[in-house]
Amino acid sequence: MKKIIVINGHPAQESFNSVIAESYIHSAVASGAEVRYIAIGKLNFNPNLQFGYQQRMELEPDLVKALEDIQWSDHQVWIHPVWWLGMPAIMKGFFDRAFLPGITFKSDKKGNSEGLLNARSARIITTAGDLSLQVYENEYQSSGLIQLKKGILEYCGVSSINNHFIGPLYELTEKDRKEWLDTITGLALADSL
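Calculation notes
Residues numbered from 1 in each chain as written. Predicted model: local features only at pLDDT ≥ 70, side-chain atom pairs only at ≥ 80, totals over all residues. Heavy atoms only, no water. Pairing = 2+ DSSP bridges. Helix = DSSP H or I, 4+ residues; strand = E, 2+ residues; numbered from the N terminus. Axes fitted to C-alpha atoms, helices over the stretch in contact; angles between N-to-C directions. Core = buried A, V, L, I, M, F, W, Y, C linked by side-chain atoms within 4.5 Å. Buried < 20%, exposed > 50% of the residue type's maximum accessible area, 1.4 Å probe, protein only. Contact = heavy atoms within 4.5 Å. Parallel < 35°, antiparallel > 145°, perpendicular 65-115°, else oblique. Left-handed = near helix turned anticlockwise from the far one by under 90°. Nonpolar A, V, L, I, M, F, W, Y, C, P; charged D, E, K, R; others polar. 1 Å grid on protein atoms, 1.4 Å probe; cavity = no way out; pocket = protein on both sides within 12 Å on 5 of 7 lines; lining within 4 Å. Points joined across faces, edges and corners; volume = space filled by probe spheres on them.

Draft legend 1. Quick look at the sheet that holds strand S2 (residues 34–39). The sheet built from five strands is open, its strands ordered S2-S1-S3-S6-S7 with parallel pairing. The sheet is open, and its two edges are formed by S2 and strand S7 (161–166), each paired on a single side. The mean inter-strand angle of the sheet, taken between neighbouring strand axes irrespective of direction, is 15 degrees. Where strand S1 (residues 3–8) and S2 come together, six bridges link them in parallel fashion. Directly across from Ile5, in S2, lies its bridge partner Arg36.

Draft legend 2. Spatial organisation of the nonpolar core. By size, the foremost hydrophobic cluster in this structure holds 37 residues, and its most contacted members are Ile38, Trp78, Phe94, Phe95, Phe99, Leu148 and Leu153. Not counting residues up to four positions away in its chain, the partners in contact with Leu153 are Gln76, Trp78, Ala122, Ile124, Leu148, Val158 and Ile161. Within the second largest apolar cluster, 18 residues are counted, among which are Val6, Phe16, Ile79 and Ile166.

Draft legend 3. Layout of the packing of helix H1 (residues 16–30) against helix H6 (residues 174–192). At a minimum axis distance of 8 Å, the contact between H1 and H6 shows a crossing angle of 40 degrees. Put simply, H1 runs oblique to H6. The handedness of the crossing between H1 and H6 comes out as right-handed. Of the residues in H6, those touching H1 at Phe16, Val19, Ile20, Ser23, Tyr24, Ser27 and Ala28 are Arg177, Leu181, Ile184, Thr185, Leu187, Ala188, Leu189, Asp191 and Ser192. Classifying every residue of the contact of H1 with H6 gives ten nonpolar, four polar and two charged.

Draft legend 4. Looking closely at the layout of surface pockets. Volume-wise, the largest pocket comes out at about 170 Å³. Lining the largest pocket are Tyr53, Lys92, Phe95, Asp96, Phe99, Phe105, Gln147, Gly151, Ile152, Tyr155 and Cys156. At the level of elements, helix H3 (89–98) and helix H5 (143–154) are the ones that each hand at least two residues to the lining of the largest pocket. When the residues that make up the lining of the largest pocket are grouped by side-chain class, the tally is seven nonpolar, two polar and two charged.

Draft legend 5. Looking closely at unusual backbone geometry. Following Gly167, the chain continues into Pro168 via a peptide bond in cis, with omega recorded as 0 degrees. Within the secondary structure layout, Pro168 lies in the loop between S7 and H6. Phi at Leu85 is positive, roughly 65 degrees, even though this residue is not glycine. Following the sequence through the fold, Leu85 ends up in the loop between strand S3 (75–81) and H3. In this structure, Ser142 takes a positive phi of about 50 degrees despite not being glycine. A residue is classified by how much of its surface remains accessible, and Ser142, at 13% relative accessible area, is buried.

In structure tokens, the structure reads:
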């Protein structure tokens, strides 16, 4: 049975990102996968890594549980809006606080690093309110995607990462949104196999 963790990086619970997460989870569970869910906006933690890597801050219980769920999974699904060409601050704070040396990666004194989340795949689903895929790719070089895919997930050992961009949301009709949710259902089915 596939073990999937769905992580929603949108801080608001009433969002299209939450609808996407619910649709994905429903389809994956119906397909036989075991699914756990993290809504980062609901977690209770300080997103500020106030001492950098010089002094380890104690992980709050919500971060400990989230890391346990990520370690448990075979496949990760990251859902988030593109804000200022990147992820929301609370999601970035989640990575700053939880994806730490010795937990999701390790480095030696020579600067060599190794990811500790090996043997996991991922899917990234981003939404954008007023940004088209063409502008995101051509003018902004998919900057937010590069940060999450290469700078975080691949660095931590996750491989086989697929990504999907939904936007601009303001142009989507109800029919368009339903078609995207049908696509999400299909992705969840494919991920569950």
